[in-house]
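Read off the chains here:
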There are 4 protein chains.
Amino acid sequence: MYLPWLATASAALSFSVHALYPLNELAKTPQMGWNNWNSFGCDVDEELLISATEKIIQYGLRDAGYQYIVLDDCWSNGRSSNGTLQANTTRFPSGMAEVADRIHNEGFKFGMYSSAGTYTCARYAGSLNYEHQDAQTFAGWGVDYLKYDNCYNEGQSGNPLITYDRYKKMSDALNSTGRQILYSMCNWGEDYPWKWAQTVANSWRMSGDIYDSFNRPDARCPCTGNEEYNCALPGFHCSAMNILNKVSHYIDKGVPHAWNDLDALEVGNGGMTDDEYKTHFTMWAAVKSALLMGNDMGRLSARDLSILNNPAIIALNQDPRGTSAVRVWRYDVDDVDRYGQGEIQMWSGQLSGGDYFVALLNAGNSSREMNAMADDIFYDDGEEGTSEESTMEWTIHDLWANRMPEDVAQALIDGNSTQASSLNVTSYYFNATETSYEDGLASNNTLLLGQPVGTLSAKVMITAEVPRHGIMAYRLRLAGWGLRKRDEL
Amino acid sequence: MYLPWLATASAALSFSVHALYPLNELAKTPQMGWNNWNSFGCDVDEELLISATEKIIQYGLRDAGYQYIVLDDCWSNGRSSNGTLQANTTRFPSGMAEVADRIHNEGFKFGMYSSAGTYTCARYAGSLNYEHQDAQTFAGWGVDYLKYDNCYNEGQSGNPLITYDRYKKMSDALNSTGRQILYSMCNWGEDYPWKWAQTVANSWRMSGDIYDSFNRPDARCPCTGNEEYNCALPGFHCSAMNILNKVSHYIDKGVPHAWNDLDALEVGNGGMTDDEYKTHFTMWAAVKSALLMGNDMGRLSARDLSILNNPAIIALNQDPRGTSAVRVWRYDVDDVDRYGQGEIQMWSGQLSGGDYFVALLNAGNSSREMNAMADDIFYDDGEEGTSEESTMEWTIHDLWANRMPEDVAQALIDGNSTQASSLNVTSYYFNATETSYEDGLASNNTLLLGQPVGTLSAKVMITAEVPRHGIMAYRLRLAGWGLRKRDEL
Amino acid sequence: MYLPWLATASAALSFSVHALYPLNELAKTPQMGWNNWNSFGCDVDEELLISATEKIIQYGLRDAGYQYIVLDDCWSNGRSSNGTLQANTTRFPSGMAEVADRIHNEGFKFGMYSSAGTYTCARYAGSLNYEHQDAQTFAGWGVDYLKYDNCYNEGQSGNPLITYDRYKKMSDALNSTGRQILYSMCNWGEDYPWKWAQTVANSWRMSGDIYDSFNRPDARCPCTGNEEYNCALPGFHCSAMNILNKVSHYIDKGVPHAWNDLDALEVGNGGMTDDEYKTHFTMWAAVKSALLMGNDMGRLSARDLSILNNPAIIALNQDPRGTSAVRVWRYDVDDVDRYGQGEIQMWSGQLSGGDYFVALLNAGNSSREMNAMADDIFYDDGEEGTSEESTMEWTIHDLWANRMPEDVAQALIDGNSTQASSLNVTSYYFNATETSYEDGLASNNTLLLGQPVGTLSAKVMITAEVPRHGIMAYRLRLAGWGLRKRDEL
Amino acid sequence: MYLPWLATASAALSFSVHALYPLNELAKTPQMGWNNWNSFGCDVDEELLISATEKIIQYGLRDAGYQYIVLDDCWSNGRSSNGTLQANTTRFPSGMAEVADRIHNEGFKFGMYSSAGTYTCARYAGSLNYEHQDAQTFAGWGVDYLKYDNCYNEGQSGNPLITYDRYKKMSDALNSTGRQILYSMCNWGEDYPWKWAQTVANSWRMSGDIYDSFNRPDARCPCTGNEEYNCALPGFHCSAMNILNKVSHYIDKGVPHAWNDLDALEVGNGGMTDDEYKTHFTMWAAVKSALLMGNDMGRLSARDLSILNNPAIIALNQDPRGTSAVRVWRYDVDDVDRYGQGEIQMWSGQLSGGDYFVALLNAGNSSREMNAMADDIFYDDGEEGTSEESTMEWTIHDLWANRMPEDVAQALIDGNSTQASSLNVTSYYFNATETSYEDGLASNNTLLLGQPVGTLSAKVMITAEVPRHGIMAYRLRLAGWGLRKRDEL
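Residues numbered from 1 in each chain as written. Chains lettered and ligands numbered in written order. Predicted model: local features only at pLDDT ≥ 70, side-chain atom pairs only at ≥ 80, totals over all residues. Heavy atoms only, no water.

Named according to an unreviewed UniProt entry, chain A is Alpha-galactosidase originating from Endocarpon pusillum. Heading Sequence similarities (unreviewed entry) of the UniProt record for chain A holds this comment: "Belongs to the glycosyl hydrolase 27 family." Heading Catalytic activity (unreviewed entry) of the UniProt record for chain A holds this comment: "Hydrolysis of terminal, non-reducing alpha-D-galactose residues in alpha-D-galactosides, including galactose oligosaccharides, galactomannans and galactolipids." (UniProt positions renumbered as here; feature names shortened; annotations may be inferred.)

Structure, rendered in structure tokens:
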């Protein structure tokens, strides 16, 4: 019997299996790592990087998959007389090649920063018109990743072609080095990179800079993401919900090797509640954003660590199918906070192995009961209640139920391996260095699946109490065929 | 005596009779056919095409005018060493030339697909920078039609001139083959093709991809069409009403040989009710969209067949005058569905022979009585009640009254020609292979005119009960001169 | 004593007296004439033009200042073998040069039409890439005026520079003929001609085509002019109020020799009430639009003639100061018509000789009392009640009080000069062939000043009952210095 | 202990200390001076400039920091036969070089005006395509500043690159003269100069022309600044609140040597109340706008002088940190004026030395009590109540409490130095010629700090009664560490 949703599914799937890679073999799933900007800004030096790598290892985050250590702006000391970029020797006395070596030796990859302009955003030397020379310098230092910013671009923007040409130059330059360097465009969504960057880059920022707020409007980030998919002023100080609402319109434009980047995470920086950070992290993962931690590792709390290392959430992000969740519905609610914000959303999406992701997101100002109807969850697979899936029976797995307990996380932070061991840390912990997420999912590793909490019967719905600014996130796995049998299909 | 509305009429008419053809002699009326994408996506092979042609013949749809069989994305196996596009030999073991021959032998024309980009949307080889070579390949295979998509266009968009240049290259390439190939642009309305594509192409898509929903909003199709005639993100998952509202602002830009394309039909795919599909089909026809069926012919229901083969509706689309219906008014109503959608519309338009089209469209959430006032119907012919037409008397023909009964349609689907014959199938059936719509209309073929159901007297109105998400569609034919006599005019 | 408003005034005045003419010496005040399109469309021939000129003379409209007879689209028969444009010899058997001669002999100037595209809007040969050849042809025929349209422009739009380059070519071509040819751009406001066309053309259309409706919204003219000064789809079927609201944002961009063109008048075409046509005509005049009549002269009513020939209104348009009236305020009102439209506006502006224009425009659905406060009238001359003018005393002249009586106008239409004379036709009639508007105003010709109806005292207001969709229009002339004396100033 | 806000602070600070200057060494803080346009328009001559300089000295404004005397449009007499710009010898009989000398001798710098177009806005010769020749002419005359306008730019706009190229030409030309000339771009914010002008110019206008109104909407300035950061029609007659709301979205784009220019001040021109002018002046200073007085010095009132010379406000503008205040919140209020306008705002920002700026702005129609909560004031330094600053104790200084009394100001205006001295004028007066604002701030000069009026305790708020259209503006200085001690941090 013919299943229309299988045709749809295979059509979508073809994107991930077809052999024409856009640029390189990197970022088959979204890149994961750490970037210093959100917590340290310009206050960088080599010890900051090294101490961060040590803690990332100690906390188990490297093995959770965060493999890129990305140094942001302010590392530079301009160009030498022959035009070669030079690191600030006060801040990086060992030299960048040595820093890269040490990072590599710790089992990480090393990311650097420049700007497609005359200057970087902090007014250090930029790479515009120096693309090939700088790419050679980076490759020579052993760089594995380039975040490429947009400041001081000498007016070279205003339509996709102008911006494409500017960013393509560095893409070609990186390719010509012969080294595999992940190319992370950061032009804040100007000129719609989601339309054209897939053949040029491994990821592209799609908004102005994030700041550590769940949903506070800020005059400096004037586009709301509700209706403005054409934002002439990306700005900065964009809240997590602002960025999420913006990307909702083009989440499908991220494909394997080329992803939307919603900017580095704020988890651990103190500006959101625990529920807000859970929402922020879940949705970044579910829409296949690049996942760069942005916190100060020296101040990470146990609660925040147990967000960043949740294997059931990371598995959404690293799912081999590479299909973003979709915002199925969004409604304003009267229950607003002091900024006048109040809304609720439901997201769902297909995962590998026939599983589904479902999230109920409550950005209202108080806890509320929310519902996800089967017809809505499976909407994309047969519109208006016609899907086969909506007639089936599904086991519901809560993706936050197995969150690492606070004492376990604290033991990791304290470096108390004895206690961690006694608290059975490995039962909360997925080691992607040993087993890839793809393999872990294929083998039904329970750490990745979440905690079974119920069943979604044919044509019914999931109901949950969702806290203020919080989220309930689920993986659905086929339990039975409802009123039909498999061989009827 | 001078009639201002006749001057207006003849001015408009001049577009259809003037001798300067924009491109080629194809698509004098909107092209009709079948495209596999909406129901099969990438799941294509030569048997799919052949079996579709067989059913299209059996169901009488070929003779209803659906003459192009269009193969969409995923047929390719990349380029040979000399750069020539190659078909996937697993899926098309006979080779494309042979497939084209078989399609031609069935009395159809053969359409192919490529993209004005580095890749097609499913990441097969695209034709950007290969325009002439690929046009020669297509011509060599016997291709009659090219759907030319917009994915992976390397940033070549952002103003009309950039996009025009890119699509013009393939237009010139097709022309230079010497073969008449219908050129169907598919750049989703970016950079306003309705402003400039008439000299380049036979049709242009004007929106993001349709999906099988009457009016459900979807975050992935963010422009509503209510006020946003400038859509920076065409998206996909656009509902039928979304697309219809968008095109309402530039329906006049379609002219003979160069038409708006509202995307392939969803009739038969299961996501809409019978009333919704009738509305969808009627309006696609009335605004002179290209009419490509998008369903799986192997699963077509009798009800859906009797929509797709309604000769009185197709005659709107194939009317030799080539003038789109116009949205005369549109109001939001409080009677909204669960997506918050609710509106009503009235459309009218001039047809050949002095006839008029009128439609009452109810996109409210329940059945309602609606009115079309004579002054509104004839608004374009003399504003604010000054038209001669509004003082005349008109016979009202219901265009759905003679819809093929379900048992007749079922007999066609079953291939039971005996029963079809006994049910008098030919009385519901217009054979455009034998007689063109133009000739049928000129000879007042009753299949094309609909069922007389009443009279519109001078200065009065049409009243009808219109079902939820449904339409009442009429042809008006002059019955008398009301209070005036013809020789007074 | 220093007067800030005099400084402002002289600054503004410098635009009209400074010696650098942008293009040519034509259109020092907005051009006036007649264009066939609104009433005849493509139904043109030489007899239409000649008979129009005869009636325009007979009705006194030539001497009222309407001096250009502009032939619109559909006159062409394509190009000869050497590429020269040829007139349709069936429609213009005498040839265009002969037609021009006859028009010149009647005391008129002759206007032609082409398009900055491959085709004209009715698909005749366009002038794109033939600019110099066609300009020579027009000059050789004795053409004095070119309306230059925007259809089939091969994608050459999207930013000011692209459009400027396209229209500049014809500007240069016309200049190089050595003949003074008024250049009337018609690109519907695309790419903001009001920003850049002053050095290229004598006028520019700033909206989609007008239609004969006061304020009915139409889907084909989607920009409302309320907030959308950036209209990606000019469309057509734009109402008079729609166009007026659009131009309100950039009325200052019209300067001597280079004017906004709000499209040809609809007065006489039957789609508006008498009050509506008065409003339409008054405002076109007051904002210094080109004034092209668009009616069928053979069907002009006495009422409509007495609108088109009102010398007190035309004097606003031809005022030598060349400063547009300004929309001082605009409010939505609840008193809406069946299209949901309802608003009121107040306009004022400076005229030569220190006079002022004031208009109260009622686009509500019923008659209402309206007020124009002195502080608002003189707002530009000293903000928020600080102007010297608002403290002075002014005589109020009603610009419609001396409208030609219906029997007088009918006598002119009937060609009954005896009766016209007995009805004292010359007391309603300004002959600009004998005396320019500039000279008439300088000599205080009472026909141009309107009827004194009262006094505006210091700091008080004008109050008037304004009919539905109507206007009260006034000229203010200084009567005294209120509480101050002239030598105090 | 690590403080995240210090990292943020030092990151921001790096912009002001890093050595790569964009263009020249001028305008390290926003330029201050006087421009004749707002009050004199085209009515300019050398005596106007000289008499203005004399009064500016007499009133103490030169020593308050207003050092540029900028001559605007209408000084020109076209070009000589070799293309050199020539001054109007009637208006400038001494010649421009001599005028510059006299201005220099008075201790001022001399600014000139031209336009990046064929003509200036008043239709004198513009500098487009004459950039190098004109820059040489200006340098030869001893010009120190160029205001470079945007009229008659021959369509050279529409995306950043086109506009950048046009303005870059004059930037390069000025640089190549070898003279330090402050380059003040005036393209009204078209094509987003705040994105790209920092490497090209010392300041850029970001809106249409100001007019002398606090918040009256005007059709000629259609963008409201509420949501429209992409304004296709800058227009003119923009109110102070309109401009302030526009710039609120990109205040961060101004950096040392490259500033937003909100247009010249209207203080002293009579269109606003005293409270409105205080608000206007305070906010122009706080957002680091260029500060050009725009009044007639011969008519300056004592009240207005005591606005323009307030050292505590000017110190905001000339603060060496160079960081703009930020609009923390903005709400519409029901208390609207006759234009329908009513809103309230709170602004805060970081100053040098760890001080903070706070303003409560009441654009409602009557006086009201307003609050600034500590968490909001310090929002940028630790979001949602997490900042260290919000837990500290601050002394509140009222920046208007020490405003120069009216009799003192009147004595200055009268040139009565004896009386001024007896009224102790120096206690209200900061002499920036003797001591820079940077040094004055570093030495805690009380004239610059304002009057202590209270204390902001940990986590509480500032409350004030704010008059209609008025402002309360404060400097906060650290008084204590609240519940914490400094060495805990």
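Resuming the write-up.
### So, unusual backbone geometry
Here Tyr152(A), not a glycine, exhibits a phi torsion of approximately 50°, which is positive. Along the chain, Tyr152(A) turns up in the loop between strand S6 (145-149) and helix H6 (160-176). Unusually for a residue other than glycine, His237(D) sits at a positive phi of about 60°. Considering the arrangement of structural elements, one finds His237(D) in the loop between strand S8 (203-205) and helix H8 (240-247). Accessibility expressed as a relative area gives 10% for His237(D), which makes it buried. (Helix = DSSP H or I, 4+ residues; strand = E, 2+ residues; numbered from the N terminus. Buried < 20%, exposed > 50% of the residue type's maximum accessible area, 1.4 Å probe, protein only.)

### Remarks on the sheet that holds strand S2 (residues 68-70) of chain C
Residues and elements named next belong to chain C. Overall, parallel pairing links the eight strands, which are arranged S9-S8-S7-S6-S5-S2-S1-S10 in an open sheet. The sheet is open, and its two borders are formed by strand S9 (259-261) and strand S10 (291-293), each paired with just one other strand. Pairs of neighbouring strands in the sheet enclose a mean axial angle of 25°, with direction left out of account. As defined by bridge partners, strand S8 (residues 203-205) adjoins S9 across three bridges and the pair is classed as parallel. Residue Arg205 lies in a different strand from S9, and its bridge partner there is Asp261. (Pairing = 2+ DSSP bridges. Axes fitted to C-alpha atoms, helices over the stretch in contact; angles between N-to-C directions.)

### Remarks on the domain arrangement of chain A
Residues and elements named next belong to chain A. Under the domain assignment used here, chain A contains domain 1 (32-318) and domain 2 (326-402 + 450-478). For domain 1 versus domain 2, the distance between C-alpha centres works out to 30 Å. Taking both partners together, domain 1 and domain 2 bury about 2,100 Å²; carbon and sulfur atoms supply 66% of that area. Applying the counting criterion to the domain 1 and domain 2 interface returns one salt bridge. Scanning the region where domain 1 abuts domain 2 turns up nine residue pairs in polar contact (both at pLDDT 80 or more). Secondary-structure elements contributing two or more residues to the side of domain 1 that touches domain 2 are helix H8 (240-247), helix H9 (274-286), helix H10 (302-308) and helix H11 (311-317). With eight residues, H9 is the largest single contributor of residues to the side of domain 1 that touches domain 2. (Domains from an automatic or database assignment. Buried area = accessible area lost by both parts, 1.4 Å probe. Salt bridge = Lys/Arg side-chain N within 4 Å of Asp/Glu carboxyl O. Polar contact = N/O pair within 3.5 Å; in protein donor to acceptor, adjacent residues only side chain to side chain.)

### So, the state of the cysteines
Formally, a disulfide is one covalent bond, and it connects the sulfur atom of one cysteine to the sulfur atom of another. Inspection of every chain in the model, using the stated rule, returns twelve disulfides over all chains. Disulfide pairing places Cys121(B) opposite Cys151(B) at an S-S distance of 2.0 Å. For the disulfide bridge between Cys121(B) and Cys151(B), the dihedral angle about the S-S bond is near 95°, and by the sign convention the bridge is right-handed. Taken together, the positions of Cys121(B) in the loop between strand S5 (109-115) and helix H5 (131-141) and Cys151(B) in the loop between strand S6 (145-149) and helix H6 (160-176) put the pair 30 residues apart, joining distant regions of the chain. Each member of the pair Cys121(B) and Cys151(B) is classed as buried. In this model Cys186(A) remains outside any disulfide bridge; the closest cysteine sulfur is found in Cys121(A), 6.9 Å from its own. On the basis of relative accessibility, which here comes to 1%, the residue Cys186(A) falls in the buried class. (Disulfide = S-S within 2.5 Å.)

### A short note on helix H8 (residues 240-247) of chain B
Residue and element names in this part refer to chain B. Burial within H8 is extensive, with eight of its eight residues counted as buried. For H8, the full list of buried residues reads Ala240, Met241, Asn242, Ile243, Leu244, Asn245, Lys246 and Val247. Here the buried face of H8 lies against strand S9 (259-261), helix H9 (274-286), strand S11 (326-332), strand S12 (343-350) and strand S13 (356-362). (Contact = heavy atoms within 4.5 Å.)

### Structural notes on the sheet that holds strand S11 (residues 326-332) of chain D
Residue and element names in this part refer to chain D. Taken in spatial order, the six strands of this open sheet run S11-S12-S13-S18-S15-S16, and their pairing is antiparallel. Strands at the two margins of the open sheet, each flanked by one partner only, are S11 and strand S16 (451-456). Averaged over all neighbouring strand pairs, the angle between strand axes comes to 20°, with direction disregarded. Direction of pairing for strand S13 (residues 356-362) relative to strand S18 (residues 470-480): antiparallel, over a ladder of seven bridges. Its bridge partner lying in S18, Phe357 is registered against Arg475.

### Some points on helix H4 (residues 96-105) of chain B
Residue and element names in this part refer to chain B. Turning to H4, its buried residues number three or more, namely Met96, Val99, Ala100 and Ile103. All buried residues of H4 fall inside an arc of 100° around its axis, so they share one side. Where H4 is buried, its residues touch helix H3 (46-58), strand S2 (68-70), strand S4 (85-87), S5 and H5. Just beyond H4, the residue with positive phi is Gly107, at close to 90°. (Arc of directions from axis to C-beta.)

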